[in-house]
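The lines below spell out each chain.
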Amino acid sequence: MTDAAEIATYLDQLLDTPTIPDYPGALNGLQLASSGDVRRIGACVDFSSRTVAIAAEQAVNLLLVHHGMFWGGARPFTGVRYSQIRILLERNIAVYASHLPLDRHAIFGNNVLLSQKLGLEPSGEFASYRGSGVGVSGECDIATVEIVERARLFARIHGGDAIATGFPRDRHSRRWAICTGAGASAETLTEAVHKKIDTLIVGEGPHWTAVEATDLGIVIIYAGHYATETLGVAALAEHAAQKFGIEWTMIHAPTGL
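This structure is a prediction, so every number in the text was calculated from the model and none was measured. (Residues numbered from 1 in each chain as written. Predicted model: local features only at pLDDT ≥ 70, side-chain atom pairs only at ≥ 80, totals over all residues. Heavy atoms only, no water.)

Enquirer: Tell me about the overall build of the protein chain, residues and numbers included.
Expert: Looking only at helices and strands, the protein chain features 10 helices and 11 strands. Whereas a compact globule of 257 residues would reach a radius of gyration of roughly 18 Å, the protein chain reaches 19 Å, a difference of no more than 12%. Expressed as lengths along the three principal axes of its C-alpha atoms, the size of the protein chain is roughly 60 × 35 × 30 Å. Within the span of the protein chain, comprising 257 residues, buried residues form 54% of the whole. Intrachain contacts of the protein chain at a sequence separation of at least 6 include 68% that bridge at least 24 residues. Charged side chains of the protein chain number 20 positive and 27 negative; the gap between the two group centres comes to 3 Å. (Helix = DSSP H or I, 4+ residues; strand = E, 2+ residues; numbered from the N terminus. Rg over C-alpha atoms; globule rule 2.2 N^0.38 Å. Buried < 20%, exposed > 50% of the residue type's maximum accessible area, 1.4 Å probe, protein only. Contact = heavy atoms within 4.5 Å. Lys, Arg positive; Asp, Glu negative; His and termini not counted. Charge placed at Lys NZ, Arg CZ, Asp CG, Glu CD.)

Dropping the structure here:
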């Protein structure tokens, strides 16, 4: 058996956490320590009252999350925040968070794993953030409607759905890119144009990105923020559990988005 600090050190090295730039509120790494050995890891996309309660019910004592405790910035531990912390401390539950380090990882990353689920073979990076490629891209010759159907099936399995901007039924995708989560933005559309991407697969994006993409001749497939970011935490938790000889479980809490 091992403790949360040792597992966190291993995960930091595996994900190259200290060198990956990220949004300050991500605060990647061990966010809340615990005492004693970790017996069960719980993987979840979002830190929330719901996932904390499920972790307590399922005897999880290390939560591995994608969007961590400080995602909304520094806030006082009152009200709901106090209730979350109280449960974590009473049940001796540690919290480890990984955002962009997990998104971009070549083995356990959300983007590479989603490409595999959709039957796409990555050959390059996409969605550069401060010099670091977060997403993946590649070439194919697949009917766009087929990729949409694959994305829809995947999303529905994970509690969501997929929608796409309009395109002719006989359209084929030749150059694709994936950026999970909130992947449709001014930056990713600009990069897509530069790299001649014709099909962009994301979790979600603002309404205007669908309008802009149509004008640019790009099809965007919105496969759900939650759904597209379930894969990394699950794969990482399974790996850590095998590495340290402990149990793990997936804590599902779909948002519908």
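Structure shown, so let's carry the discussion forward.
Enquirer: I'd love a proper account of helix α10 (residues 230-244), names of residues and values included.
Expert: Taking 1.5 Å of rise per residue, the 15 residues of α10 would be expected to cover 21 Å, and the 22 Å separating its terminal C-alpha atoms lies within 8% of that figure. For α10, the buried fraction is high: 11 of the 15 residues fall into the buried class. By the burial criterion, the buried members of α10 are T230, L231, G232, V233, A234, A235, L236, A237, A240, A241 and F244. Positive phi shows up at G245, right after α10, with a value of about 65°. (Expected span 1.5 Å × (residues − 1).)

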